[in-house]
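Reading the structure
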Amino acid sequence: MLEARHAVRAATLETGFGLVDQTRVVTAASELVRNAYIHGGGGTLVIERLRRPGGRGVRLTVSDAGPGIANVDAALADGFSTGSGLGHGLGGARRLMHEFRIDCPPGGGTIVCVTRWTSG
């Protein structure tokens, strides 16, 4: 998980994020990667650097082949946890990023895609 944090921090630096936004993205990544590890038995992290008129961004896609999330709405609520955590992971990651999408395909697995933008 430490390797993921370092890779995400490097991507935010290369993209031009300030310290506060770097911290937001790295924190969201930590939560999502931890969830994939704990609940999905591991997974993958894809980091993309994005450009659009007026800004740049970083998109993180975390996927696993675990059992999926039975009730996504409940999992996004603060305080919901199926483990020993505080239950702020998914909801916290959603609040830290500008865009948030979660998919639990039939048959299992979870894919979470988050994006944060910076202007300039």
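Along each chain, the written sequence defines residue order, and numbers are assigned to residues from 1. In keeping with the model being predicted, local features are shown solely for residues with a pLDDT of at least 70 and side-chain atom pairs are shown and tallied solely at 80 or more, while totals for entire chains, interfaces and linings include all residues. Excluding hydrogens and water, the side-chain figures rest on all heavy atoms present in the structure.

Quick word on the overall build of the chain
Short version of the rule: Only DSSP runs of H or I with at least four residues qualify as helices, and only runs of E with at least two residues qualify as strands; both kinds are numbered from the N terminus onward. Residue exposure (1.4 Å probe, protein chains only): buried if accessible area is under 20% of the type maximum, exposed if over 50%, otherwise partly exposed.
Along the chain, the regular secondary structure elements total four helices and four strands. Along its sequence from the N terminus, the chain presents helices and strands in the succession α-α-β-β-α-α-β-β. For the chain, buried positions account for 39% of its 120 residues.

A word on helix α2 (residues 19-40)
Put simply, the rule reads: A helix is expected to span 1.5 Å multiplied by its residue count minus one.
With 22 residues, α2 ought to run about 32 Å at 1.5 Å a step, and its terminal C-alpha atoms sit 30 Å apart, in line with that. For α2, the full list of buried residues reads D21, Q22, V25, V26, A28, A29, S30, L32, V33, N35, A36 and G40. G41 occupies a position one or two residues after α2 and carries a positive phi of about 75 degrees.

Here we look at the pattern of salt bridges
Counted only if it meets this: Any carboxyl oxygen of Asp or Glu that lies within 4 Å of a side-chain nitrogen of Lys or Arg is treated as forming a salt bridge with it.
Throughout the structure, instances matching the rule amount to four salt bridges. The residue R49 makes a salt bridge to E14 at a minimum N-O spacing of 2.8 Å. Placement of R49 in strand β1 (residues 44-52) and of E14 in helix α1 (residues 2-15) is noted, with a sequence separation of 35 residues between them. Note that D21 is salt-bridged to R116, the shortest N-O span being 3.0 Å.

A few points about the nonpolar core
Rules: Residue types Ala, Val, Leu, Ile, Met, Phe, Trp, Tyr and Cys, when buried and joined through side-chain atoms within 4.5 Å, form a set referred to as a nonpolar core. The contact rule is simple, with two residues in contact once any of their heavy atoms fall within 4.5 Å.
In this structure, V8, V25, L32, L60, L90, V112 and V114 are the most contacted members of the largest nonpolar core, which totals 21 residues. At seven residues, the largest contribution of residues to this core is made by α2. Among all residues touching L32, those that are not within four sequence positions of it are V62, L90, A93, V112 and V114.

Concerning the confidence of the model for the chain
Any segment with low pLDDT has predicted coordinates that should not be analysed in fine detail. Inclusion rule: Per-residue confidence from the predictor is given as pLDDT, running between 0 and 100.
Summary statistics for the chain give a mean pLDDT of 88 and a share of 89% for residues scoring 70 or more. Per-residue pLDDT, averaged within each element of the chain, yields its smallest value for helix α3 (residues 72-76) (80) and its largest for strand β2 (residues 55-64) (97).

What about the side chain of T15?
Mapping T15 onto the fold places it in helix α1. The exposure class of T15 is buried, given its relative accessible area of 4%. Every residue in contact with T15, bar those within four places of it in the chain, is listed here: R49, R56, G57, V58 and T118.

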